[in-house]
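Below are the chains, spelled out letter by letter.
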Amino acid sequence: MLSSRNKRSYLLYLIALCAIWLVILLIASSFIYQFEIDSKETKLNNIHDRIYSHVADTLKVYEVSIESFASMLAAKPNNDFEDARNFARHLRNHYPDIFMFEIAIRISHSERGDLEKYMQKLGYKDFVMHSFSYGSDRKNYPLPVKEFYYPIVFIEPELEHSKGVLGLDLSEGNSVLSKGLEKSFNLNTNVASRPFFLMEGIYGYVLYREVNVNDEYYRDSFTSRHDLYALLVVNAAKLIPDWVPSVKGVAVSITKSGSGTAVNGNYEVIKYVDASFTEDDVLERWLLPEFSQTAVFESKSQPLTLVTQYKVQWSDINLTNIIAYIIVAIISFPIAFWLSLRLYRNKIKSVYEHERNSYLANYDPLTNLPNKNLASELFNQFSRTTKRNNTKLIILYIDLDKFKQINDSYGHHIGDILIKKAAKRLKETLRDSDMLARLHGDEFVIFLNETDDLSNVDTVIEHTKAAFKEPFVIDNYSITISLSIGVSIFPDDAKTFDDLLGASDRNMYADKKRDRPTNVDTDADSND
């Protein structure tokens, strides 16, 4: 059993042990959590890389396809666009992500009627040059009189809901396509329009390429006498891989720099946001982070920016690992707690035994006064102080008169109590600077420190003896006992502790020769 003085330390140890275990638990939990989160960031990186590769490949396909289509038109301009249609179908068969090919032609106002008749002759009976609203209604509007027009005269595939594009003037001032067309003039490269909702109800943009007609194939046909423009219509949804919507927690956006009025000069081409994003869940926002990766495509005609975001889901966390960790923590804690307690108790016991042995080596167990061993060490300290202050150290050697008679007559129990009471009474006579020690048996020693007036020694002795005139009451016995006191002075009488004890012991025996009665009365009423 631990002593009472160690109970507080023991309690603090238990609290510290629990706190340490909790800290270790939290640190280990954070490592497991961070491992899970890092794996999800790696997952985002992999997803982002795959999307980036898909977009980069798709953009390359669009670039190559429109250049090939424009080259074919330059080599073989004709009236019915049959070669263009076959070539466009061939490209779309190889690259299904291509939404549509178109051809626009540059004509003057005087040729407007001829073009409309020409297209109607080709089978497009409702062909009329027009513009239309880019809002949700998509209504056609008549064109104002202009010097030149750039109507669309060819589409592939000819979808029923797309035929309204035929005759659309790309240069109409309100058209979202006019700026892209202007940029393509004499540029000899591909140019992309800003994104917009197509007539087909999908989000996309158009790639332009001015066609330089090859004079070798020049024929006196309507189309070959005019500037041609190859167009490739991009369905923006095709830029995103088909598997992205099935990945829970993923959001992808592709923006084109400098178009529209969107934030930071970016106009959104397409954005897919997973429905599992729960912005209002505070705990989810706090515990489950959102990662983001950005990549820029350095295409001159399609300068796009890809942003891939991944919101970690609760389902992403490996509950098996967490449950296993909790089970291990629950099992390990009592074991570690028990082992720690055993180690701590052994340590406390060792410290207690050491302190106890040290106490027994220096203190009298009966009176708790310093014993002879500690008295010798105290003498060394006092003597150094005495030398430094040029004062005297007085040693009073005290013996209880006829103590053996009391011990033999009434037993050691009474004798021990008498020793304890005598020690207490002696201590009450001391100054704060003095020290009392028990040498052995009924013998005590008092150190009178820093004394510079030896004339007071007799007064101290008389005062000490007077304290014992009052009897001690022990177990209904009233015992009056006297003292014999011998005196020695450091450094006058001796320089060592043993020599001083010898000198004071001899003086004590001289004092003892004066006969002093020891009285023992029974039936005392009170205890001292």
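On a predicted model such as this, the values are computed, not experimentally measured, just so you know.

### Quick look at the side chain of Ser504
Looking at the element boundaries, Ser504 is found in helix α10 (residues 497-512). Exposure remark for Ser504: the relative accessible area of 0% places this residue in the buried category. Discounting residues that sit within four places of it in the chain, Ser504 has contacts with Ile395, Tyr397, Gly486, Val487 and Ser488.

### Brief notes about the packing of helix α7 (residues 372-389) against α10
Axis separation between α7 and α10 bottoms out at 10 Å; the angle between their running directions is 110°. What the angle tells us is that α7 and α10 run roughly perpendicular. Listed contacts from α10 to Lys372, Ala375, Ser376 and Phe379 of α7 are Phe497, Asp498, Leu500 and Leu501.

### So, the sheet that holds strand β17 (residues 443-451)
One open sheet accounts for four strands, arranged β16-β17-β15-β20; its pairing is antiparallel. At either end of the open sheet lies a strand with only one pairing partner, and these are β16 (435-440) and β20 (483-490). Taking each pair of neighbouring strands and ignoring which way they run, the sheet shows an average axis angle of 25°. Examined bridge by bridge, β16 and β17 share five bridges and lie antiparallel to one another. Looking at the pairing, Met435 lines up with Phe447 of β17. Helix α9 (residues 457-466) rests against β15 (392-400), β17 and β20 of the sheet, and its axis sits at about 155° to β20.

### Looking at the confidence of the model for the protein chain
Per-residue confidence for the protein chain averages 81 on the pLDDT scale, and 85% of its residues sit at or above 70. Here strand β12 (residues 266-273) is the element of the protein chain with the lowest mean pLDDT, 53, and strand β1 (residues 100-105) is the one with the highest, 94. Across residues 216-220, confidence stays below pLDDT 50; counting only partners more than four residues off in sequence or on other chains, it has eight contacts.

### Focus: α10
For α10, built from 16 residues, the straight-helix expectation of 22 Å at 1.5 Å per residue is met to within 8% by its first-to-last C-alpha distance of 22 Å. Along α10, the residues that are buried comprise Phe497, Leu500, Leu501, Ala503, Ser504, Met508 and Asp511. Angularly, the buried residues of α10 cover 165° about the axis, an arc narrow enough to put them on a single face. α10 presents Asp498 and Arg506 as exposed residues on the side facing more than 90 degrees away from its buried surface.

### Topic: the packing of aromatic side chains
Following the criterion strictly, the structure yields 13 aromatic pairs and no others. Ring plane angle 65° and centroid distance 5.7 Å describe the contact between Tyr150 and Tyr229, whose orientation is recorded as edge-to-face. Note that Tyr150 is positioned in the loop between β5 (148-149) and β6 (152-156) and Tyr229 in strand β10 (residues 228-235), a separation of 79 residues in sequence. The buried category is assigned to Tyr150, whose relative accessible area is 9%.

### Looking at unusual backbone geometry
Omega for the bond connecting Glu156 with Pro157 falls within 30 degrees of zero, at 10°, which places this linkage in the cis form. Within the element layout of this structure, Pro157 appears in the loop between β6 and α4 (178-184). Of note, the amide linkage connecting Phe490 to Pro491 takes the cis form, showing an omega dihedral of 5°. The residue Pro491 is located in the loop between β20 and α10 in this model. Unlike most non-glycine residues, Asn390 shows phi in positive territory, near 55°. Tracing the sequence through the fold places Asn390 in the loop between α7 and β15. If you check the backbone angles, Asp475 has positive phi at about 50° while not being a glycine. Here Asp475 shows up in the loop between β18 (472-474) and β19 (477-480).

### Some remarks on a nonpolar patch on the surface
A cluster of nonpolar side chains, contributed by Ile323, Ile327, Ile331, Ile335, Trp338 and Leu339, occupies part of the molecular surface with about 600 Å² of accessible area. Mapped onto the elements, Ile335 comes out in helix α6 (residues 319-362).

### Digging into the nonpolar core
In this structure, Phe69, Ile103, Leu115, Leu170 and Tyr205 are the most contacted members of the largest nonpolar core, which totals 75 residues. No other element matches helix α1 (residues 7-75), which puts 13 residues into this core. By size, the runner-up hydrophobic cluster in this structure holds 28 residues, among which are Leu400, Leu426, Leu436 and Val457.

The rules behind the values
- Residues numbered from 1 in each chain as written.
- Predicted model: local features only at pLDDT ≥ 70, side-chain atom pairs only at ≥ 80, totals over all residues.
- Heavy atoms only, no water.
- Helix = DSSP H or I, 4+ residues; strand = E, 2+ residues; numbered from the N terminus.
- Buried < 20%, exposed > 50% of the residue type's maximum accessible area, 1.4 Å probe, protein only.
- Contact = heavy atoms within 4.5 Å.
- Axes fitted to C-alpha atoms, helices over the stretch in contact; angles between N-to-C directions.
- Parallel < 35°, antiparallel > 145°, perpendicular 65-115°, else oblique.
- Pairing = 2+ DSSP bridges.
- pLDDT = per-residue confidence, 0-100.
- Expected span 1.5 Å × (residues − 1).
- Arc of directions from axis to C-beta.
- Phe/Tyr/Trp six-rings, centres within 6.5 Å; stacked < 30°, edge-to-face > 60°.
- Patch = residues over 30% accessible without salt bridge, like charges linked within 9 Å, V, L, I, M, F, W, Y side chains within 5 Å.
- Areas by Shrake-Rupley, 256 points an atom, 1.4 Å probe, with all protein chains shown as cover.
- Salt bridge = Lys/Arg side-chain N within 4 Å of Asp/Glu carboxyl O.
- Core = buried A, V, L, I, M, F, W, Y, C linked by side-chain atoms within 4.5 Å.

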